Amino acid sequence: MRKWLIILAGGFLVAALFSVLIFGRTNALDQNRCLSCHGDPNLVRINRDGTKTSLYVKEEFLNTSAHRFIDCTTCHASDPHKVITPLDKISLAEKCGTCHKYQYDLHRQSIHGEQLALGNPDVATCVDCHSTTSNPHNVIRVLEYNAPTYKKNTAQTCAKCHNNEELMASYGIVEKVYDSYMRSFHGKAIQLGTYEISQLDKATCINCHGTHDIKSVADPNSPVAGVENLAKTCEQCHQGAGIEFAKSFLGHKEASPKNHAVVFFTEKFFLTLTVSVISFAVLIVGMAVIRWGLNRWKE
């Protein structure tokens, strides 16, 4: 009897998985048939200055969007053709803020929000972080494994800007923050996590710098500004870490004779020692093999 119950349960499980894979595709809500026009890749708007703006909305994006069950008019007004939409970063952030007010208020107080208010087009806004293509129609829920804000993907999302050497150089930032993070213990722990669930307790950019309220590292209110703030940030995961623990953090700067000289020369010493020992071992083994070969040849 038990055997048949196990077989029956297995059959139901297989049927359920089959149903999800085959019939689980969901179409986005389009009550006003907006996609009948906006599904055309050639649909564009001619601006006053003569430039063109694409009005194409990819249906595939909508079908996987976090907002797929919200009709287009929720964001674009009941009659969008009678409303002039700027289609810039500020207007997009404001529109997101009509529903996500708490997050929007935090973003306005962040370094990104402050620069956005000054008209800086480079800064990250809602869609830059929550969409893989920086497209408002492709916003993915945070807890989906392929979301740009899911824990294992956060560093790569920040790297879209902070690993752009030309962009960072224009702001006087020369540290390779993404590369240094991925070489760190935290970055390696994220990479080596066997399952996504095992990566959720690992530290990424947002654990140290904040999420919607990211501050400049020069801002005294930043969680990484000064060794005291940094110690408090470290203590969120490393209980009792303290000031001395925080002082050992190199930041995103490479160790050099001028920056953390002790660390730099210690690393060079052990690198030289390791290479010397391995080279000597290879030499000894090679000489032994040659001697063995000569003895065999004489015999």
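Report on the accompanying structure. Here the residue numbers are simple positions, counted from 1 along each chain's written sequence. Given that the model is predicted, a residue must reach a pLDDT of at least 70 before its local features are reported, and side-chain atom pairs must reach 80 or more before they are shown or counted; all residues, however, enter totals for whole chains, interfaces and linings. Just so you know, side-chain values use all the structure's heavy atoms and leave hydrogens and water out.

### Observations concerning helix 6 (residues 101-109)
Note the following rule: Here's how the labels work: a residue is buried when its accessible area is under 20% of the maximum for its type, exposed when over 50%, partly exposed in between, all with a 1.4 Å probe on protein chains only. Secondary structure elements follow DSSP: runs of H or I of four or more residues count as helices, runs of E of two or more count as strands, with numbering from the N terminus. Note: the arc covers the axis-to-C-beta directions of the helix. Note on contacts: a residue pair is in contact if any heavy atoms of the two residues lie within 4.5 Å.
All buried positions along helix 6 are accounted for by Y104, L106 and H107. Taken around the axis of helix 6, the buried residues stretch over an arc of 160 degrees, which confines them to a single face. Opposite its buried face, helix 6 presents the exposed residues K101 and Y102, each directed more than 90 degrees away. Where helix 6 is buried, its residues meet helix 5 (89-97) and helix 7 (111-117).

### Side note on the environment of L106
Within the fold, L106 resides in helix 6. On the basis of relative accessibility, which here comes to 19%, the residue L106 falls in the buried class. Once the C-alpha coordinates of L106 and I214 are considered, the two residues, 108 residues apart in sequence, prove to be 8.6 Å apart. Leave out the neighbours within four places in its chain, and L106 touches H212 and D213.

### Examining the packing of aromatic side chains
We describe a pair of aromatic rings using the distance from one ring centre to the other and the angle between the two ring planes. Filter applied, for reference: Two rings from Phe, Tyr or Trp (for Trp, the six-membered ring) form a pair when their centres are within 6.5 Å of each other. A pair whose planes differ by under 30 degrees is stacked, one over 60 is edge-to-face, and the rest are tilted.
Summed over the entire model, instances satisfying the criterion amount to 2 aromatic pairs. Ring centres of F264 and F265 lie 5.1 Å apart, and the angle between their planes is 80 degrees; this geometry places the pair in the edge-to-face category. Both rings, one in F269 and one in F270, keep their centres 5.3 Å apart while their planes meet at 75 degrees; by these two values the pair is edge-to-face. The partly exposed category is assigned to F270, whose relative accessible area is 47%.

### With respect to the side chain of N138
Formally: N or O atoms within 3.5 Å of each other form a polar contact, as long as, within protein, one can give a hydrogen and the other can take it, and as long as residues adjacent in sequence are counted only when both atoms are side-chain atoms.
Mapped onto the secondary structure, N138 falls in the loop between helix 8 (126-130) and helix 9 (154-162). One polar contact links N138 to T132, side chain to side chain, over a distance of 3.0 Å. Residues in contact with N138, not counting those within four places in the same chain, are F61, T64, H130, S131, T132 and T133.

### Observations concerning the pattern of salt bridges
Under the convention used in this document: One speaks of a salt bridge when a side-chain nitrogen belonging to Lys or Arg is within 4 Å of a carboxyl oxygen belonging to Asp or Glu.
Per the counting criterion, the structure on display carries 7 salt bridges. The partner of D79 in a salt bridge is K82, and the shortest N-O contact between them spans 3.6 Å. The partly exposed category is assigned to D79, whose relative accessible area is 30%. Here E144 ties to R141 by a salt bridge, and the two come within 3.0 Å at their closest N and O atoms. Residue E144 is classed as partly exposed on the basis of its relative accessible area, which comes to 21%.

### As for the environment of S134
With respect to the secondary-structure elements, S134 resides in the loop between helix 8 and helix 9. On the basis of relative accessibility, which here comes to 33%, the residue S134 falls in the partly exposed class. Among all residues touching S134, those that are not within four sequence positions of it are V127, D128 and K160. A polar atom in the side chain of S134 sits 3.1 Å from the side chain of D128.

### A look at the environment of H76
Positionally, H76 belongs in helix 4 (residues 73-76). As a C-alpha pair, H76 and K95 span 19 residues in sequence and 9.1 Å in three-dimensional space.

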